[in-house]
Amino acid sequence: MTAVGTRAPRVAIFTDTFAPQVNGVARTLDRLAEALRERGGSATVVTVDMPASEAEALPEDRDVVRWPAVPFWAYPELRIAAPRVREARRLLRALKPDVVHVATPFGIGLAARAAALAEGIPLVSSYHTDFSSYLSHYGLQALSGVAWPYLRWFHNSAHRTFVPTEIGAEALRAQGFQRLRVWARGVDLIRFSPRYRSQALRTAMGVGERDILLVSVGRLAAEKGVDTILAAAARLVATGGPKVRVAFAGDGPAESRYRASAPPGTVFAGRLTGDALSEFYASADGFIFASTTDTFGNVLLEAMASGLPIIAPDAGATTEVAHAGNAMLVPAHDPAALASAMQRLASDASLRQTMREQALECAASRDWGRVWDGLFAEYALVYGPSFGATSSRCAD
């Protein structure tokens, strides 16, 4: 929910991923556009078009401009557009935004960068993806030698580069990134809540009365650590004690492979949105997060707001949200350690309750209104006087 606070500016947002695509970046930018409009500002989003099979279902929105794009060969779910600099310049002249916000460093982002600099409009960027980790997951390590210099060049041309966590900012500073600021994340406490718990959904997924349901939400892709979760689940199939069921919400390029290798009883619920996603979270007993490539992990806050204890890697930006109290941290990419944590959580009702309370407390501290106050105050510093605000963080 967005609280009314710091006045919002006029912003042109350029991104290679946006609704109806379902991922953390698209959802965060959609919330940003909504918050700008709610506070009396404006937001025009320039993004990629969608495949013909999906384009007909797109709602009409004059504040969203879509450029022709094609699937990226290494990751077909990602669509890439050519950098249409002249078109971007014409658009900026018509919109006269206070700020240009670039969220991705691909074709659309390149056009925005060039156009904003040419038109003399303040430029900010945000860093959403750990591209160096993605390269290793897809066998493209050879590109790492050019990836960091390119990303440094791209982001250092902006007046601000926003990062979701202090941990992420420290890592980028070590790579020579400049003018970094933390743009934290919030969670919608109305959309994600324990009140959505559904016994009917648990029954439909084959979860017995004494079973413990652990869920994961995100793309079914190599970089999300799904292999580690499945390997851990397989270790628990023949063990005694509470029966642990594992369920996934999401789709992705590796879905068919994961379905084929999953142990018996694993549930693949597909892509979920709205009330269906809220029920999926709240109907579980715990949440598994295995990715080490996310710069934040919005799903962590959604799970916490739903009252779920967390099991997550003891690595990177994840630890700024998931920490002792609301989460069990395990070594990354270690199926044995993950299986042990899953079994412990399933076996200890008291532990689950304690972690549930801590998770709800952490989620409650992540108010979107204060997050927008902090971001819009930073915007103001690049185009005019600061309105003064700070952003919210979970306490360690």
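As the structure is a prediction and not an experimental result, all values here were calculated from the model.

Reading the values: rules and limits
Residues numbered from 1 in each chain as written. Predicted model: local features only at pLDDT ≥ 70, side-chain atom pairs only at ≥ 80, totals over all residues. Heavy atoms only, no water. Phe/Tyr/Trp six-rings, centres within 6.5 Å; stacked < 30°, edge-to-face > 60°. Helix = DSSP H or I, 4+ residues; strand = E, 2+ residues; numbered from the N terminus. Buried < 20%, exposed > 50% of the residue type's maximum accessible area, 1.4 Å probe, protein only. Lys NZ or Arg CZ within 6 Å of the ring centre and 35° of its normal. Pairing = 2+ DSSP bridges. Right-handed = clockwise from strand over helix to strand, strands pointing away. Salt bridge = Lys/Arg side-chain N within 4 Å of Asp/Glu carboxyl O. pLDDT = per-residue confidence, 0-100. Contact = heavy atoms within 4.5 Å. Axes fitted to C-alpha atoms, helices over the stretch in contact; angles between N-to-C directions. Parallel < 35°, antiparallel > 145°, perpendicular 65-115°, else oblique. Nonpolar A, V, L, I, M, F, W, Y, C, P; charged D, E, K, R; others polar. Core = buried A, V, L, I, M, F, W, Y, C linked by side-chain atoms within 4.5 Å.

**Student:** Help me understand the packing of aromatic side chains in this model?
**Tutor:** Geometry of an aromatic ring pair is reported as the spacing of the ring centres plus the angle between the planes. Counted under the stated rule, the structure contains 13 aromatic pairs. Considering the side-chain rings of W372 and F376, the 6.0 Å spacing of their centres and the 15° angle between planes classify their relative orientation as stacked. Of this pair, W372 and F376 both sit in helix α15 (residues 368-383), 4 residues apart, which is roughly one turn of the helix. Note on W372: relative accessible area 1%, which makes it buried. A connected cluster of aromatic rings, assembled from ring pairs, spans F162, W183, W368, W372, F376 and Y379. Taking NZ or CZ as reference, R185 lies 4.2 Å from the ring centre of W183, over its face.

**Student:** Mind showing me how you'd approach the pairing of strand β6 (residues 99-102) here?
**Tutor:** Regular strands have side chains that alternate between both faces of the sheet. What you see with β6 is no split at all: V99 and H101 on one side and V100 and V102 on the other are buried throughout. By the bridge criterion, 4 bridges tie strand β1 (residues 10-14) to β6 in an arrangement that is parallel. Residue pairing in the sheet places A12 in a bridge with V100 of β6. A crossover links β6 with its parallel partner strand β7 (residues 123-126), the connecting element being helix α4 (residues 107-119), and its sense is right-handed.

**Student:** Looking at this structure, how should I read the pattern of salt bridges?
**Tutor:** Should the charged atoms of two oppositely charged side chains come close, the side chains can pair. Taken as a whole and assessed by the stated rule, the structure comprises 19 salt bridges. We note a salt bridge from D275 to R191, for which the minimum N-O separation is 2.6 Å. Here D275, found in helix α11 (residues 274-282), pairs with R191, found in the loop between β9 (180-182) and α8 (199-204); they are 84 residues apart in sequence, far enough to count as distant. What emerges from the salt-bridge pattern is a single network uniting R27, R31 and E302.

**Student:** Looking at this model, I keep getting lost on the confidence of the model for the chain. Mind explaining?
**Tutor:** Interpretation of the predicted coordinates at a detailed level should be avoided for regions scoring low in pLDDT. Here the chain shows a mean pLDDT of 88. Residues at 70 or above account for 87%. In this model, residues 386-393 is a region of pLDDT below 50 whose contacts with residues beyond four sequence positions or in other chains number 29 contacts.

**Student:** I tried to follow the sheet that holds strand β13 (residues 286-288) on my own but got confused; where do I start?
**Tutor:** The strands that make up a sheet pair up through hydrogen bonds in the backbone, lying either parallel or antiparallel. The strand order across the open sheet formed by 6 strands is β12-β11-β10-β13-β14-β15, and the pairing between neighbours is parallel. Single-partner strands in this sheet number two, and they are β12 (267-268) and β15 (327-330). As judged from the 2 bridges shared by strand β11 (residues 244-249) and β12, these two strands associate in the parallel manner. Looking at β12, one finds that F248 is bridged to F268. The strands that α11 touches are β10 (212-217), β11 and β13; relative to β10, the one it contacts most, it runs at about 135°.

**Student:** Can you walk me through the packing of helix α13 (residues 335-347) against helix α14 (residues 349-364) in this structure?
**Tutor:** Put simply, α13 and α14 touch, their axes get as near as 5 Å, and they point 95° apart. On the basis of the axis angle, α13 is roughly perpendicular to α14. Contacts between α13 and α14 involve R344, L345, A346 and S347 on the former and, on the latter, A349, L351, R352 and M355. Across the contact of α13 with α14, the residue classes break down as 5 nonpolar, 1 polar and 2 charged.

**Student:** What's the story with helix α12 (residues 298-305) in this structure? I'm lost.
**Tutor:** A large share of α12 lies buried, amounting to 8 of its 8 residues. Here α12 has its buried residues at N298, V299, L300, L301, E302, A303, M304 and A305. Downstream of α12 by a residue or two, G307 has a phi angle that is positive, lying close to 85°.

**Student:** Quick question: what am I supposed to make of the side chain of S278 here?
**Tutor:** Relative to the elements of secondary structure, S278 occurs in helix α11. With relative accessibility at 0%, the residue S278 sits in the buried group. Discounting chain neighbours no more than four positions away, the residues touching S278 are R191, F192 and Y196.

**Student:** Explanation requested: the nonpolar core in the structure shown.
**Tutor:** Generally speaking, soluble globular proteins have nonpolar side chains that are buried together. Residues V215, V217, F280, Y281, F287, M304 and I310 are the most contacted members of the largest nonpolar core, which totals 33 residues. Contributions of two or more residues to this core are made by β10, β11, α11, α12, β14 (310-313) and α14. For this core, the leading source of residues is α12, giving 6 residues. Those residues in contact with Y281, other than ones at most four positions away along the chain, are F192, V217, F287, V299, E302, A303, S306 and L308.

**Student:** Mind showing me how you'd approach the packing of helix α1 (residues 24-38) against α15 here?
**Tutor:** Packed helices, taken two at a time, are described by the angle between their axes plus the distance between the axes. α15 packs onto α1 with a crossing angle of 80° between their chain directions and a minimal axis gap of 11 Å. It follows from the interaxial angle that α1 and α15 lie roughly perpendicular. Residues T28, R31, L32, A35 and L36 of α1 pack against W368, W372, L375, F376 and Y379 of α15. Its residues placed into classes, the contact of α1 with α15 shows 8 nonpolar, 1 polar and 1 charged.

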